[in-house]
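Summary of structural features
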Amino acid sequence: MRSVLILSGVIVFFIMLGPALAPYDPSAIDIPNRLSPPSGAHVLGTDAFGRDILSRLLHGARWSLGLAFLISLIGLVIGTFIGLAAALGGKLADWVVMRTTDTFLAFPELVAAVVIAGLMGAGTWSLIFALSVTGWMRYARVARGTGLSLQSRGYVVQARLARLPFWYIARWHYLPSLLPSLTVVWTGAFARAILGISTLGFLGFGVQPPMPEWGSMLLDARIHMRSTPLQMIWPGLAVVLSVLAINLAGDALRDAVANDDKQA
Amino acid sequence: MISNLLGLLFRSIVVLSGTAIVTFALLWNAPGDPAQAIAMARFDALLTEDVIDQVRREVGLDASFWSAFGDWIGPLLVFDFGHSAVTGRPVWPDLWTSITYTFPLALVSLAIGLAVSIPLAILATKRPGGLLDRFAVAIASLGTAIPAFWLGLLLILLFSVQLAWLPAMGARTPAHAVLPALTLGLGTAASLTRIIRSGILEARGQPFLPAIRRRGVTSKAMDRDHIAPHAAIPVVTVIGLELAFLLEGLVVVEVIFGRPGLGTFLTSAIVARDFPHVQAVVVVTALVFVTVNLLIDVIYQLIDPRIGERDA
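Residues numbered from 1 in each chain as written. Chains lettered and ligands numbered in written order. Predicted model: local features only at pLDDT ≥ 70, side-chain atom pairs only at ≥ 80, totals over all residues.

**Notes on the overall build of chain A**
Within chain A one finds 10 helices and 0 strands. Shown N-terminal to C-terminal, the secondary structure of chain A runs as helices and strands in the order α-α-α-α-α-α-α-α-α-α. A buried classification covers 45% of the 264 residues belonging to chain A. A separation of at least 24 residues holds for 70% of the contacts in chain A among residues at least 6 apart in sequence. (Helix = DSSP H or I, 4+ residues; strand = E, 2+ residues; numbered from the N terminus. Buried ≥ 20, exposed ≤ 12 C-beta atoms within 10 Å, placed from the backbone. Contact = placed C-beta atoms within 7 Å.)

**Things to note about the overall build of chain B**
Helices and strands together make up the secondary structure of chain B, namely 12 helices and 0 strands. Its helices and strands in sequence order give chain B the pattern α-α-α-α-α-α-α-α-α-α-α-α, from N to C terminus. Within chain B, buried positions represent 36% of all 312 residues. For chain B, contacts bridging at least 24 residues in sequence account for 71% of all contacts bridging at least 6.

**Here we look at unusual backbone geometry**
Phi is positive for R163 of chain A, close to 55°, though the residue is something other than glycine. The residue R273 of chain B is not glycine, and still its phi comes out positive at about 55°.

**Quick notes on the environment of D274 of chain B**
Residues and elements named next belong to chain B. Along the chain, D274 turns up in the loop between α11 (262-272) and α12 (275-303). Note on D274: 22 C-beta atoms within 10 Å, which makes it buried. In this structure the C-alpha to C-alpha distance between D274 and A85, which are 189 residues apart in sequence, comes to 5.4 Å. If sequence neighbours within four positions are ignored, D274 has contacts with S84, A85, V86 and A269.

**A few points about the interface of chain B and chain A**
Quite often, the size of an interface is put as the accessible area lost when its parts meet. Opposite the 36 residues of chain B that make contact, chain A presents 34 residues. Those elements that provide at least two residues to the side of chain B that touches chain A are α1 (2-28), α6 (131-145), α7 (148-162), α10 (219-257), α11 and α12 of chain B. If you tally residues by element for the side of chain B that touches chain A, the top one is α1 of chain B, at 8 residues. Here the residues of the side of chain B that touches chain A are counted per class, giving 27 nonpolar, 7 polar and 2 charged. (Nonpolar A, V, L, I, M, F, W, Y, C, P; charged D, E, K, R; others polar.)

**Overview of the nonpolar core**
Buried together is how nonpolar side chains tend to be arranged in soluble globular proteins. Ranked by size, the top nonpolar core spans 142 residues in total, and within it A113, V114, V115 and I194 of chain A together with L250 of chain B carry the most contacts. Beyond its immediate chain neighbours, meaning those up to four positions away, L250 of chain B contacts T102, L105, A106, L184, G261, L262 and G263 of chain B. (Core = buried A, V, L, I, M, F, W, Y, C linked by C-beta atoms within 7 Å.)

**Quick word on the packing of α11 of chain B against α12 of chain B**
All names here are of chain B. Packing of α11 against α12 brings their axes to within 8 Å, and their N-to-C directions diverge by 145°. Our pair here, α11 against α12, has a crossing hand that is left-handed. Where α11 approaches α12, its residues L262, F265, L266, A269 and I270 are matched on the opposing element by H277, V278 and V281. When its residues are assigned to classes, the contact of α11 with α12 shows 7 nonpolar, 1 polar and no charged. (Axes fitted to C-alpha atoms, helices over the stretch in contact; angles between N-to-C directions. Left-handed = near helix turned anticlockwise from the far one by under 90°.)

**Here we look at the environment of A252 of chain A**
Residues and elements named next belong to chain A. With respect to the helices, strands and loops of the structure, A252 is situated in helix α10 (residues 230-263). Residue A252 is classed as partly exposed on the basis of its C-beta count, with 16 C-beta atoms lying within 10 Å. Distance from A252 to V184, taken between C-alpha atoms, is 9.3 Å for residues 68 residues apart in sequence.

**Considerations on helix α3 (residues 91-105) of chain A**
End to end, α3 of chain A covers 21 Å across 15 residues, agreeing with the expected 21 Å (1.5 Å per residue, within 8%). Buried residues of α3 of chain A: T101, D102, T103 and L105 of chain A, and no others. In this fold, the buried residues of α3 of chain A make contact with α6 (137-150) of chain A together with α1 of chain B. (Expected span 1.5 Å × (residues − 1).)

**A short note on the environment of S117 of chain B**
Residue and element names in this part refer to chain B. Examined against the element boundaries, S117 turns out to sit in helix α5 (residues 91-124). With 26 C-beta atoms counted inside 10 Å, the residue S117 sits in the buried group. Expressed as a C-alpha distance, the spacing of S117 and S191, which sit 74 residues apart in the sequence, is 8.4 Å. Beyond its immediate stretch of four places on either side in the chain, S117 contacts A189, L192, T193 and I196.

**Details of the confidence of the model for chain B**
Mean pLDDT over chain B stands at 80; residues scoring 70 or higher make up 92%. For this predicted complex, the interface confidence comes out at an ipTM of 0.78, alongside a pTM of 0.83. (pLDDT = per-residue confidence, 0-100.)

Rendered as structure tokens:
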């Protein structure tokens, strides 16, 4: 749990303060200094419009990490609700909900996201919609699985006999038991959302230029691969380090949750 | 057993019908006027309302949702994907051409993934926690964090731009396939290594192993007859996930390397708003995906006798 807290702290720090740390305006065009190599004035160099790459990376954290955070939370809310509805709603509801989930799982997530975002017209809202619609299924499966296993517990049976409302049972009897495993799913969803945002950005279906999203920065940098290969390294490195950190925290968290289960 | 299989089959059919409806609804409700986009793509000029209306009638965009759905799904059941909205050519021959580029690439990538990950995982688990094990885990974690498009770009940078050993763009010779296959294969290897490694470790911890060992079974026979089959179960499970990873990677990799495969077919269809093309790719993808997952469920029941009563 501690690793996840530290990681959340670091990520929130970059989302909130990244732009304040940036030495330049991320969209300030400076043609005479375009495609300059790393130097004292521009630590990571400049891009094809002479914009400072470090500043763009720091501002880009708001897009790449901030949007991924938002998308993974939307998936968490939708997926948990759907999963609990399946677990609590009886046999027919369960069957309908789980076949719907299977239907959404019948496409590779990212391919579906590309289709949805592309057809809605490239832009930030399409991106959020596309990645949220394709990102809730794992939560639903975990919430339903744990929900079904809780069904025969004494306190749940009591609560249902007392005819407590769905919301009340879900909130006070299911959610506390669900939270550890949902957090593990969340770290995976967060990492996938970062990869999804940058991939869609790179394909041109995501956050649109001149916003400094990491994937679309790579799309720009690709054209100048021969003259300034370093320009292509930085945004990719930012994506890899973020995803790696989140995955490692997720692994540590999963081990911790598994150990708790063994002791209980 | 038979009723289990029939249940799985029925479930797959329900899921496929669901995907057909979702796909069609998505395209039906896509913003913008597809008729106008198609007319633009065809004639590439300023258009009058008459021309757009004519296109609308021609491609059947003036019908109601369910009748349009019926017109689409009927021929689809006999593998008739209709005609491209932009070129007017039948969809299937063009789609098939792109599949002939994509399918071999996917197979080779999967082969590279297995060829790298199985030996690596076996070596790593010789001494769990040892130097080699930690190295394998680190490489695998790094590999799963690298987006396919960036790995592809880095490989182009190294092997095409700096060293000039391999071509980067196109699909004319087998040499053109090396970098795309490597990009996808290494990504696949990374995630497979993690899964096989933990599969082996979990198999080693099974409580029946000490009992077998005390009966005098050699450690080689233990590995072959008891640990390997046990470790294979999670691998079979994740082949479905690996397929998803491959298909996702293929879209990006084909765009980067300029290969005229399914991914390029899909992205250019989306940009041109050629709905019959988009629908065809989505349906074929879903069909492949659902079929493979059905096969996995069946294999699963065959190799793991414990499964069957459990709700999968």
